[in-house]
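Okay, here's what each chain looks like letter by letter:
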Amino acid sequence: MLLYFIRRALTAVPVLVGISLAVFLLVHLQPGDPFVGMISPDTTPEEKAEMLRRIGYLDPVWVQYLRWLGRAARGDLGYSIQHGTAVQVLIGERLHNTVLLAGSALALSLAVSLPLGLYTGLRRTGVADMMLSNLSFVLVSIPAFFLAMVLIKLFATEWRLLPTSGVVTVGMNYTGLAHIGDVARHIVLPASVLAITNIAILNRYLRSSVSDLIDHDFVRALFAKGLSRRAVIVPHLLRNSAKPLITVVSLEIPGLLSAALLTETIFNWPGIGRLSFEAVQGRDYPLLMGIVLFLAVVTLAINLLADLLYAVVDPRVRLVR
Amino acid sequence: MSEQGQVPILSVKNLTVGFTTEVGAVEAVRGVELDLFPSEILAVVGESGSGKSVTALAMLGLLPGDAKITGQIVFQGTDLLRLNHREWSALRGGRIAMIFQDPAAAFDPVFSIGHQIDEVIRLHEPGLGRAARRTRATELLSQVGIENAESRLSRYPHELSGGQLQRVMIAMALAGRPEVLIADEPTTALDVTVQRDILDLLAQLNRFQRMAVLLITHDMGVVADIAQRVVVMRQGRVVETAAVEVLFDSPREDYTRGLLASLPSASPPTQVSSPSSPLLEVRNLTLSYSSGFGRSTEVVRDISFDILAGEFLGLVGESGSGKTTIGRSLLGLIRPSDGAIRLNGQDLHRLSRRDGTCVRSRIGAVFQSPAGSLNPRLTIGQSIAEPILTHLDLSPKRVASRVGQLLEQVGLPSDWRHRVPAELSGGQRQRVALARALALDPILLIADEPTSALDLTVQAGVLQLLCDLQQTHQFACLFISHDLAVVRSLCQRVLVLREGEAVEIGPVEDVLQNPSADYTRRLIASAPTLDPRVQSARRRERLRLLGNAA
């Protein structure tokens, strides 16, 4: 088990190096230099070259790469050009907002799609199943930004039930429970937009894995033991369909983080997504590289976690070399 | 044992089960009547589709919701068909327990066997504490002959062999202290030696725990082995009910006689005159599978044998003995790690790619599962034409006539070429597979358990066909099987394989009459004979020996 995990962890290392190289080169290949738009137009080319030399910009590419990688490994992602703050500090400031949003969206989508997927998987031929399947197909097909605008129009503009932007109501300075309630009101719309597409996807996966399982011999054997429907469904069907579910969820989380770029921008939610949007607009290369590298690490970590969870839910995985 | 005057513990009265299918309503079971008396073993026999499993599932209320069930299933005075969900739950696994055909598929793969036994104990004896349940589970495992029972509780299904799993399945069934055990083909997926152990166990439980057993099987050998009475089913109806000796001595119905007669007979096959050099030479063959990181597992070690032109060589052994692997290496699907395979003097694995293809085209193959070895999207005509199109340059018209010819040779109408495998029965599909194997007029046929997936009567037909085709085509055959009776009726010589090593090789009659190796003796003794009296004498003797040993 430990060996299995160590092997998985080691395979992540070359992937990480590859990603860092790709990120570095992509940014490096951009036309212009980091000082474009940053220094006064009066600077002479000689002075500029001297400045570039001093920050190491004229060193060979691989030296620059190793220097950047070495710093990144120590948690130093450089300084943001726009904000003049360390990149890791910027990410740290915004991270909890994104985690809050993506986490609520994930929790919401699991809370809805688990029972829904079980229900539709067990009643494959029912009318309800057909309607839910079609509905989820429709939901998958709607672009998130459009859905966001429809929801804003209905819930915020027309019915005035929910706020449209930000994390808290500006100028109210709520504390304690009132603060939590305020944040909760703000999170409903963006989290729902993120969750709805997710619900549809998770539901389809769970439905198909449950409806495959129900035909297995062992399910009939479980009923033959005298187990009630609930005693068969909750531990046995759920744990057996957990593996595909873990796969989808672990693929969805990076998706949630990148979808946050759109959603956070629309809802003016101060998270990593909006930070990266700002970084792109302002040609803030250090910040952009830091965010991309950070997201890559998160994605790898989640995959590693998924591998670990496979082994937890399915003993057969532990044998695989 | 006839139970005159005894009250049946379970009786099925005029049971009819219908399903709605795409082609309309189908009645799988029609007016079935049967009685199970306390502490007897009643066998329900019949071919696939005879409705025996449906009857058994109805007794536990496990039929799908769309099944239309009429009649009565009376268990100790209660009509089971009137029970509600809660009452069914209390009955299932408690008073009536069931074990299934494929033990590997009947366990939830992601829970330990201890957990799965515990579920039953918890359900049917809610008063027991955690430690007491664990003790009980350990006892149950020891009772069914699992060694180191306590430590096995934490094992998962994939860590146990098929035979061990079937024992655990029986332990799980015993956990609710049932009065009736329904065993649905409990040994079909197991080797003969393992089958014998499981049947021993069932017989003991029946005798010492006085548990009634309803045994569903298509294997008359198993029936002769442990049943006391037999119900014969055909096309959803009961055609004959009799005590086991009566049934085997003087079957009343033609159908029953057919079932008994279709067991491969032990008539010695004709000897082939041995030509100067063998057709196939296998020398010091060692085969191994890579298990990753440069390591490999040897599955077959240092095997040598010959096959003469026109000869049938039987290859027997338990599962995992390497039979199929040898067959695959002859087909060029696995490279030997050592040794040589020569067909007509040419080493199969030392040829250039083109020569190799040419030589291999002279080797035909038939596999165990006809459903799995025919492409479901191709018509059977296309499947048969495939090797011809690959190897020969014939006009479409010639190909079509060759396909028609082949179909007729295997006893199928030539205009069936447009059908797809799904429209054919198992036996018919295996005939198509044979036609395809013969398409290039092979000199050697590799037949890997070609009849194991078939019912007895169908099996007899396919084996007869194989003999007839051999007469006309004069091919040699490596016949891989775990069924000694089949090998005996078909092959001239037999090679016995155990854990990848040759145990003995020789003429079939010599090996089966006077086996020189203990292993062969065990294999022969495990295969049930068709005589209930011989069988029960054997069992008594074995149990006596076991009792003395203990």
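Note that this is a predicted model, so its numbers are computed, not measured. (Residues numbered from 1 in each chain as written. Chains lettered and ligands numbered in written order. Predicted model: local features only at pLDDT ≥ 70, side-chain atom pairs only at ≥ 80, totals over all residues. Heavy atoms only, no water.)

Trainee: Go over the sheet that holds strand β7 (residues 180-184) of chain B, please, and point to the residues and values.
Mentor: All names here are of chain B. Overall, mixed pairing links the six strands, which are arranged β6-β7-β8-β3-β9-β10 in an open sheet. Every interior strand has two partners, whereas the edge strands, β6 (96-99) and β10 (237-243), have only one. Between one strand and the next, the sheet's axes are offset by a mean angle of 20 degrees, whatever the strand orientation. (Pairing = 2+ DSSP bridges. Helix = DSSP H or I, 4+ residues; strand = E, 2+ residues; numbered from the N terminus. Axes fitted to C-alpha atoms, helices over the stretch in contact; angles between N-to-C directions.)

Trainee: Go over the interface of chain B and chain A with me, naming the residues and quoting the values.
Mentor: At the junction of the two partners, chain B supplies 26 residues and chain A supplies 23 residues. Buried surface at the junction of chain B and chain A, both sides included, amounts to about 2,200 Å², of which 63% is carbon and sulfur. The residue E119 of chain B makes a salt bridge to K225 of chain A at a minimum N-O spacing of 2.9 Å. Taken together, the links from chain B to chain A amount to 10 residue pairs in polar contact (both at pLDDT 80 or more). Of all elements in the fold, only α3 (113-124) and β11 (280-292) of chain B reach the threshold of two or more residues within the side of chain B that touches chain A. Here the residues of the side of chain B that touches chain A are counted per class, giving 16 nonpolar, seven polar and three charged. (Contact = heavy atoms within 4.5 Å. Buried area = accessible area lost by both parts, 1.4 Å probe. Salt bridge = Lys/Arg side-chain N within 4 Å of Asp/Glu carboxyl O. Polar contact = N/O pair within 3.5 Å; in protein donor to acceptor, adjacent residues only side chain to side chain. Nonpolar A, V, L, I, M, F, W, Y, C, P; charged D, E, K, R; others polar.)

Trainee: An account of a nonpolar patch on the surface is requested, with residue identities and associated values reported.
Mentor: Residue and element names in this part refer to chain A. On the surface, F145, F146, M149, V150, L154, W159, L161, L261, L262, I266 and F277 cluster together into a nonpolar patch covering about 940 Å² of accessible area. Those elements giving two or more residues to the nonpolar patch turn out to be α6 (144-158) and α10 (242-266). Examining the composition of the nonpolar patch, we find that five residues originate from one element, α6, more than from any other. The topology assignment puts L161 in the loop between α6 and α7 (176-213). (Patch = residues over 30% accessible without salt bridge, like charges linked within 9 Å, V, L, I, M, F, W, Y side chains within 5 Å. Areas by Shrake-Rupley, 256 points an atom, 1.4 Å probe, with all protein chains shown as cover.)

Trainee: Tell me about helix α8 (residues 217-224) of chain A, and name the residues and values.
Mentor: Burial runs high along α8 of chain A: six of the eight residues are buried. For α8 of chain A, the full list of buried residues reads F218, V219, A221, L222, F223 and A224 of chain A. Taken together, the buried residues of α8 of chain A touch α7 and α9 (229-240) of chain A together with β6 and α3 of chain B. Trailing α8 of chain A by a residue or two, G226 of chain A shows a phi angle of about 105 degrees, which is positive. (Buried < 20%, exposed > 50% of the residue type's maximum accessible area, 1.4 Å probe, protein only.)

Trainee: Explain the packing of aromatic side chains to me, using residue names and the numbers behind them.
Mentor: Taken as a whole and judged by the stated rule, the model has five aromatic pairs over all chains. Note on Y65 of chain A and W68 of chain A: the rings are 6.4 Å apart at their centroids and 45 degrees apart in plane angle, and the pair reads as tilted. In this pair, Y65 of chain A and W68 of chain A are both assigned in helix α3 (residues 61-73), three residues apart and thus about one turn of the helix distant. Classification of Y65 of chain A as buried rests on a relative accessible area of 8%. We classify W68 of chain A as buried; its relative accessible area is 11%. Put simply, the rings of F24, Y65 and W68 of chain A touch in pairs and so form one group of aromatic residues. The aromatic ring of F111 of chain B is capped on one face by R239 of chain A, whose charged end is 4.6 Å from the ring centroid. (Phe/Tyr/Trp six-rings, centres within 6.5 Å; stacked < 30°, edge-to-face > 60°. Lys NZ or Arg CZ within 6 Å of the ring centre and 35° of its normal.)

Trainee: Run through the sheet that holds strand β2 (residues 24-36) of chain B, naming residues and quoting values.
Mentor: Residues and elements named next belong to chain B. The strand order across the open sheet formed by four strands is β2-β1-β4-β5, and the pairing between neighbours is antiparallel. Strands at the two margins of the open sheet, each flanked by one partner only, are β2 and β5 (78-79). Judged from the nine bridges that link them, strand β1 (residues 10-21) and β2 form a sheet pairing that is antiparallel. Its bridge partner lying in β2, F19 is registered against V26. Packing against the sheet, helix α1 (residues 52-59) makes contact with β1, β2 and β4 (68-75), and its axis sits at approximately 110 degrees to β1.

Take it as geometry only, folks, not as evidence of what the structure does.
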